[in-house]
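# Geometric and topological summary
The chain contents come next:
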Amino acid sequence: MPERLLLIGQRPLLDRLERQLALMTDPPTLLGRVHVADADADADLEPSIDAAVADTAPDAALVCLPAAMAEGITRIRTRLRRLGVPDRFVPTLEDLVAGVGPRNLPDLDPASLLGRPARPVDEAAIDAVVAGRRVLVTGAGGSIGSEIARRVARHRPAALLLMDRAENPLFEIDRQVAMIAPELPRRAMLHDVVEADRTRELLAEVRPEIVFHAAAHKHVPMMEDHPGAAIDNNLFGTLSVLEACVHAGTERFVLISTDKAVNPVSVMGITKRLAELAVRHIGRTTTTSCSMVRFGNVLGSAGSVLETWASQLRGGGPITVTDPRMTRYFMTIPEAACLVIEAAGLVDAGDQRGEVFVLDMGEPVSIDAFARRFIAAHGLVPVSDLDDDAASVLDPMIDTPAPPSHRGTVRIVHTGVRPGEKLHEDLGHHAESMRPTRHPGINAWVEPLPDPEMMDQVLARLHRGRRVQDPGQLAAELRRIAAEVATSMNDRPPASAEASPAATPATGPRAAGFAELPPLPRSRGDRRPSIARPMAGGEDAVA
């Protein structure tokens, strides 16, 4: 607990706060105050805060102001964070009783919002996959990659190899693994998987037996503006790692995919779909067993909806939801990570089918209903313009709300579907059929192997054209290729009425820099591919 505190707020509120702090068994040391008068709500308080922090060097600052001064509160807390001073917001008693204003939110277990029990972890199955093996995790600093690393560390691998291009997350997961298993041989590699030559050198050096490829760009709207980055990382980064695995003699390669790769309309989804097909294309000629694991949204991951809503709720609301009709599949981070590891054990050594495993995530959840659960879990009443102040009763997980005079309300605002988003996601393509596996929480989708000539053409076109400077042109060409691939694979075309305008297939002039190639053939799956042919040669080559 911070021992030296700076107080910021209105004089009467700080007088009362000091009396409350004095009642503590071990009260903190109060270093001073920055007073905010009613007239100062819009004033520039930064010089006063800067001076107080410089003079007192506090461990933390307590901010106590009425919720009505929301903009002033935000400015004060932002300034403190820029100065490196942790802040704690203390609501007034009046606001606390009324249930309004910024909040210090309690810890919330994401699993409690799912409406279903969490999947049990099969520790024996995880042990059978990783014990005694050299395991590499790419994207090890991310939400899924780091959880996979933590799980693997507890199951006696021969070595754990962590790869990420972001320094701070890589440092943190390396530190955590050291605490979990101090004696475990490990190595943290600060590396971008898109750099294929170096990727091959590193894997040849560390010789992993199992690779979990979690490195990817995942934010749908952002990738609409950066299609080249999505193609580089999600497609050619995947091929870079797989080709390195093949040359290093890796036994198993697992690609972590997404439900957005099914009937994709977004740049992110298309690049992940092409990555799936490219892995199956190359995997059928190698001794490295390749598989993919497809799942939906992960609760509590970096940049996830819960993180956004928590930030909005701390600021007093409103909570934003894109569209009241939107649904998504959800899992918790531990569920997803454990099932990914367990799915790796469902592929036999030398298996060249390139199976796509789908995690059982239950039924899709309405995002609007999910937001209402989140608000209700914090003891508040969700309301929106679409209901009559009590729509939360439609969700059986939410108690009938008390009148707003007894409980605080939080408004839900619908902002509209963002570029690249669909209203509903699928888990399988039209041409795929599902079969059960020996694991009750994992099914496998079966579809024809992609045509080798088609995949060679797709990779060649994207390899040459991904440096196009105009994002709109590049995204248009990517969608054109996706439509051709969908026709070849007998995939069901996306329902454009459910997609945002920016996500519909493009039909304009071909982007400059893309080669004119003959139409893609229908998928026959009866020819052998030449491994990584489009990745060879030239300064732009990624192998």
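First, a word on what this report is: a plain description of the structure on this page. Predicted model, so just to flag it, every value in this text is computed and none were measured.

## With respect to the packing of aromatic side chains
Taken as a whole, this structure holds three aromatic pairs when the rule is applied. Aromatic pair Phe330 and Phe370: ring centres 4.7 Å apart, planes at 10°, arrangement stacked. You can see Phe330 sitting in strand β14 (residues 330-332) and its partner Phe370 sitting in helix α14 (residues 367-377), a full 40 residues away along the chain. Its relative accessible area of 0% is what places Phe370 among the buried residues. An aromatic cluster of three or more residues is present, and its members are Trp309, Phe330, Phe370 and Phe374.

## Brief notes about the sheet that holds strand β12 (residues 319-321)
Strand order across the open sheet formed by three strands is β12-β18-β17, with parallel pairing between neighbours. Here the strands that pair on one side only, and so sit at the sheet edges, are β12 and β17 (381-384). Within this sheet the neighbouring strands show an average axis-to-axis angle of 35°, counted without direction. Pairing between β17 and strand β18 (residues 409-414): four bridges, direction parallel. The partner of Pro382 across the bridge, within β18, is Val410. In the packing of helix α12 (residues 305-314) onto the sheet, contacts are made with β12 and β18, and the angle to β12 comes to roughly 145°.

## Thoughts on unusual backbone geometry
Despite not being glycine, Ala57 has its phi angle at roughly 45°, a positive value. Relative to the assigned elements, Ala57 resides in the loop between α2 (46-56) and β3 (60-64).

## Brief notes about the pattern of salt bridges
All chains considered together, the criterion is met by 30 salt bridges. Ionic pairing is found between Arg33 and Asp15, a salt bridge with its closest N-O pair at 2.7 Å. In this pair, Arg33 sits in strand β2 (residues 29-35) while Asp15 sits in helix α1 (residues 11-22), placing the two residues 18 residues apart along the sequence. For Asp15, a relative accessible area of 31% corresponds to the partly exposed category. Taking the shortest distance from any N to any O, the salt bridge between Glu421 and Arg418 comes out at 2.6 Å.

## Quick notes on helix α15 (residues 452-465)
For α15, built from 14 residues, the straight-helix expectation of 20 Å at 1.5 Å per residue is met to within 8% by its first-to-last C-alpha distance of 20 Å. Burial runs high along α15: twelve of the 14 residues are buried. Burial in α15 covers these residues: Pro452, Met454, Met455, Asp456, Gln457, Val458, Leu459, Ala460, Arg461, Leu462, His463 and Gly465. On its buried face, α15 is in contact with α10 (227-248), α11 (267-283) and α16 (471-489). With a side-chain oxygen positioned 2.9 Å from the backbone nitrogen of Glu453, the residue opening α15 is Asp451.

## A closer look at the nonpolar core
Core analysis: the largest hydrophobic core is formed by 51 residues, its most contacted members being Leu235, Phe253, Leu274, Leu462 and Val485. At ten residues, α10 tops the list of elements feeding residues into this core. Setting aside its immediate chain neighbours within four residues, Phe253 contacts Val211, His213, Thr238, Val241, Leu242, Cys245, Val279, Thr288, Ser289, Cys290 and Ser291. Grouped together as the second largest cluster of nonpolar side chains are 43 residues, Val137, Val152, Ile210 and Phe357 included.

## Some details on the packing of helix α6 (residues 143-153) against helix α13 (residues 333-344)
How two helices pack is summed up by the angle between their axes together with the distance between the axes. Following both chains from N to C, one finds α6 and α13 inclined at 65°, their axes separated by 9 Å at the closest point. Seen along the crossing, α6 lies across α13 with a hand that is right-handed. Facing α6, whose interface residues are Ser143, Ile144, Glu147, Ile148, Arg151 and Val152, α13 presents Ile333, Pro334, Ala336, Ala337, Cys338, Val340 and Ile341.

## What about the sheet that holds β3?
One open sheet accounts for four strands, arranged β2-β1-β3-β4; its pairing is parallel. Two strands lie at the open edges of the sheet, namely β2 and β4 (87-89), each paired on one side alone. Neighbour-to-neighbour, the strand axes of the sheet open up by a mean angle of 25°, direction not taken into account. The sheet contacts of helix α3 (residues 70-82) involve β1 (4-9), β3 and β4, and relative to β4 the element is tilted by about 160°.

Definitions and cut-offs
- Residues numbered from 1 in each chain as written.
- Predicted model: local features only at pLDDT ≥ 70, side-chain atom pairs only at ≥ 80, totals over all residues.
- Heavy atoms only, no water.
- Phe/Tyr/Trp six-rings, centres within 6.5 Å; stacked < 30°, edge-to-face > 60°.
- Helix = DSSP H or I, 4+ residues; strand = E, 2+ residues; numbered from the N terminus.
- Buried < 20%, exposed > 50% of the residue type's maximum accessible area, 1.4 Å probe, protein only.
- Pairing = 2+ DSSP bridges.
- Axes fitted to C-alpha atoms, helices over the stretch in contact; angles between N-to-C directions.
- Contact = heavy atoms within 4.5 Å.
- Salt bridge = Lys/Arg side-chain N within 4 Å of Asp/Glu carboxyl O.
- Expected span 1.5 Å × (residues − 1).
- Polar contact = N/O pair within 3.5 Å; in protein donor to acceptor, adjacent residues only side chain to side chain.
- Core = buried A, V, L, I, M, F, W, Y, C linked by side-chain atoms within 4.5 Å.
- Left-handed = near helix turned anticlockwise from the far one by under 90°.

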